[in-house]
Amino acid sequence: MQQTKLAAESSVLQAAGTALSRGLNVRHIRFMALGSAIGTGLFYGSASAIQKAGPAVLLAYIIGGAAVFMVMRALGEMAVRHPVSGSFGQYASKYLGPFAGFVTGWTYVFEMAIVAIADVTAFSIYMGFWFPQVDRWIWVLAIILFLGAMNLLSVKVFGELEFWFSLIKVVAIIAMIVGGAAIVVFGFQTGDGGGVAPGLGNLVNHGGLFPNGFEGLLAAFAVVMFAFGGIETIGITAGEAANPKKVIPQAVNTVPVRVLLFYVLTLGVLMSIFPWNEIGSSGSPFVQIFDGLGIPAAPHILNAVVITAALSAINSDIFGAGRILFGLAQQGHAPKSFSKISRHGVPWMTVVMMGGILLVGVVLNAVIPEDVFVLIASIATFATVWVWVMILASHVAMKREIKRKGLPTSEFGSPLWPVASIMTIAFMAMVIVILGVFEDTRVALYVGGTWLVLLFVAYKLWVRGGGLRRAELVDETA
């Protein structure tokens, strides 16, 4: 019976003459879901968001988190109906047309490549904290070769790596929350707190909840949405999940808990200990928590955690971009070589390509100015929000087709349809407008617009034959 079930779940991939291995179980995907929200954006980027909005940043994370949850519910509904590895690239191709699928898939690969280059460089900087005498390029080469090799073995190895990386990150966050709460409740001295006593009053005593006004809240959304980037990787796992109809809904439904735990609660505790305008002024805010507890090795503990976060991010970037490239190749939107499967059930050419991109990116990174990372974050935010809008638009088109053709009701339907979906699309449009309003993020729109024009030209010049047809996906609704 189980063999019959797995065979049915693999039907889409089998039809294409290839077979990815379904080696990701509930434990793997649940922890991937937990870990995908925790990266260097939380450990270091949160200070930037706090400086823009003050304590109101908590509201920004709640609103942004609600919007991301609706995106994930839309993606989850499509993933349960069509559990394919090409995920939202394939869904856009089927429901919006082949050009939409082409743009969505390649924009996600572009996003993952940019973020992965930043993460690899960050990893080398973190290792330099412990081994300053070792050249950074050695760490970069070592981690690319190591994670590339792990991703070539089997998807189960990838799942195990992500499980342990995510477990370390989750434990670290919980330790920070418990430690920070202890400082607030028991009044431990925080060393460099500037004489301000820890307490909930710090959330309102330094200019109120909105010290920079409503404009500050809006400005924070650019940073907040960047922090949630990569969460859509959960949808990509559907093509390799042992039982996607069970594990995808479970993973998606943890999104609200993650937002509340990892961001709202963590930053709420942080701003109760330190006045918001002092956070990030003397190193990472999380080092300040450990220092406040009298732990002398605080910088080393945080360094170990952010190294884990960087490794996890690079690992997920290689996996996510590779699987989307695999789906693009099946659609005729990328070279056919990207659809080749190893004997372990892994699309090996996509892993090799991501390794090559990282090597080239690191060389470029060595010769361009350091402030390029502000640009990277802005461009990644544009690409992330664009992909989310395409997911929502694909979902709307799917719901219309279900109604028009009288297809079976979805097994994992999106809540509050259609009101919530329309409001979420409007919110995502607002975030893109915000990128253009503020000068330090405006360049993302120029780069994003240029990227979309280049994709249009590439589609017209190179896509032929089957690539001009909509994706044909098997509906696996019971």
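It should be emphasised that the depicted structure is a prediction, and the values quoted were computed from it without experimental measurement.

Across its full length, the chain holds 20 helices and 0 strands. Considering the chain as a whole, with its 478 residues, one finds that 58% of them fall into the buried category. Considering only residue pairs separated by 6 or more positions, the chain has 83% of its internal contacts joining residues 24 or more positions apart. Here the chain has roughly 18,800 Å² of accessible surface; of this, 69% comes from carbon and sulfur atoms.

Before going further, it helps to spend a moment on the packing of helix 6 (residues 57–81) against helix 19 (residues 419–437). Helix packing for two helices is described by the angle between their axes and how far apart those axes are. Between helix 6 and helix 19, the shortest axis-to-axis distance is 10 Å and the interhelical angle comes to 120 degrees. Overall, the two elements helix 6 and helix 19 adopt an arrangement that is oblique. Read as a crossing pair, helix 6 and helix 19 show a hand that is left-handed. Facing helix 6, whose interface residues are Ile 63, Gly 64, Ala 67, Met 70 and Val 71, helix 19 presents Ala 420, Thr 424, Phe 427 and Met 428. Partitioned by chemical class, the residues of the contact of helix 6 with helix 19 number 7 nonpolar, 2 polar and no charged.

Below, the discussion takes up the nonpolar core. Tyr 61 and Trp 388 are the most contacted members of the largest nonpolar core, which totals 142 residues. For this core, the element with the most residues is helix 6, which contributes 15 residues. When residues no more than four places from it in sequence are discounted, the contact partners of Trp 388 are Val 68, Val 71, Met 225, Phe 228, Gly 229, Ile 231, Glu 232 and Met 428.

A grouping of Leu 59, Ile 62, Ile 63, Val 204, Leu 209, Phe 210 and Leu 260 is seen on the molecular surface, where their side chains present a nonpolar patch of about 580 Å² in accessible area. Within the secondary structure layout, Ile 62 lies in helix 6. Overall, the relative accessible area of 41% leaves Ile 62 in the partly exposed class.

One pass over the full model with this rule turns up 13 aromatic pairs. Centre to centre, the rings of Tyr 61 and Phe 228 are 6.1 Å apart; their planes meet at 85 degrees, and the pair counts as edge-to-face. Pair noted here: Tyr 61 is in helix 6 and Phe 228 is in the loop between helix 11 (213–227) and helix 12 (233–236), with a separation of 167 residues, a long-range link. The pair formed by Tyr 61 and Phe 228 is uniform in burial state, with each residue classed as buried. Aromatic side chains Phe 163 and Trp 164 sit 4.9 Å apart centroid to centroid with 80 degrees between the ring planes, which places their arrangement in the edge-to-face category.

Right, let's get into unusual backbone geometry. The step from Trp 417 to Pro 418 runs through a cis peptide bond, and the omega angle for that step is 0 degrees. Positionally, Pro 418 belongs in the loop between helix 18 (372–405) and helix 19.

Over its 25 residues, helix 6 runs 36 Å from end to end, which matches the ideal 36 Å to within 8%, given 1.5 Å per residue. Burial within helix 6 is extensive, with 21 of its 25 residues counted as buried.

Turning to the environment of Ala 309, a few remarks are in order. You can see Ala 309 is positioned in helix 16 (residues 298–331). Of the residues examined, Ala 309 reaches a relative accessible area of 1% and is grouped as buried. Along the primary structure Ala 309 and Phe 165 are separated by 144 residues, whereas in three dimensions their C-alpha atoms are 7.0 Å apart.

This brings us to the packing of helix 6 against helix 11. The geometry of helix 6 relative to helix 11 is characterised by a closest axis approach of 9 Å and an angle of 50 degrees between their N-to-C directions. One element, helix 6, and the other, helix 11, form an angle in the oblique class. Crossing angle aside, the handedness with which helix 6 passes helix 11 is right-handed. Counted together, Val 57, Leu 59, Ala 60, Tyr 61, Ile 63, Gly 64 and Val 68 of helix 6 and Leu 217, Phe 221, Val 224, Met 225 and Ala 227 of helix 11 form the full contact between these two elements.

With that out of the way, let us pick up the confidence of the model for the chain. Do not read the fine detail of predicted coordinates wherever pLDDT is low. With 87% of its residues at a pLDDT of 70 or more, the chain has an overall mean of 82. Per-residue pLDDT stays below 50 along residues 1–17; that stretch engages in 22 contacts with residues further than four places along the chain or on separate chains.

Parameters and conventions
- Residues numbered from 1 in each chain as written.
- Predicted model: local features only at pLDDT ≥ 70, side-chain atom pairs only at ≥ 80, totals over all residues.
- Heavy atoms only, no water.
- Helix = DSSP H or I, 4+ residues; strand = E, 2+ residues; numbered from the N terminus.
- Buried < 20%, exposed > 50% of the residue type's maximum accessible area, 1.4 Å probe, protein only.
- Contact = heavy atoms within 4.5 Å.
- Areas by Shrake-Rupley, 256 points an atom, 1.4 Å probe, with all protein chains shown as cover.
- Axes fitted to C-alpha atoms, helices over the stretch in contact; angles between N-to-C directions.
- Parallel < 35°, antiparallel > 145°, perpendicular 65-115°, else oblique.
- Left-handed = near helix turned anticlockwise from the far one by under 90°.
- Nonpolar A, V, L, I, M, F, W, Y, C, P; charged D, E, K, R; others polar.
- Core = buried A, V, L, I, M, F, W, Y, C linked by side-chain atoms within 4.5 Å.
- Patch = residues over 30% accessible without salt bridge, like charges linked within 9 Å, V, L, I, M, F, W, Y side chains within 5 Å.
- Salt bridge = Lys/Arg side-chain N within 4 Å of Asp/Glu carboxyl O.
- Phe/Tyr/Trp six-rings, centres within 6.5 Å; stacked < 30°, edge-to-face > 60°.
- Expected span 1.5 Å × (residues − 1).
- pLDDT = per-residue confidence, 0-100.

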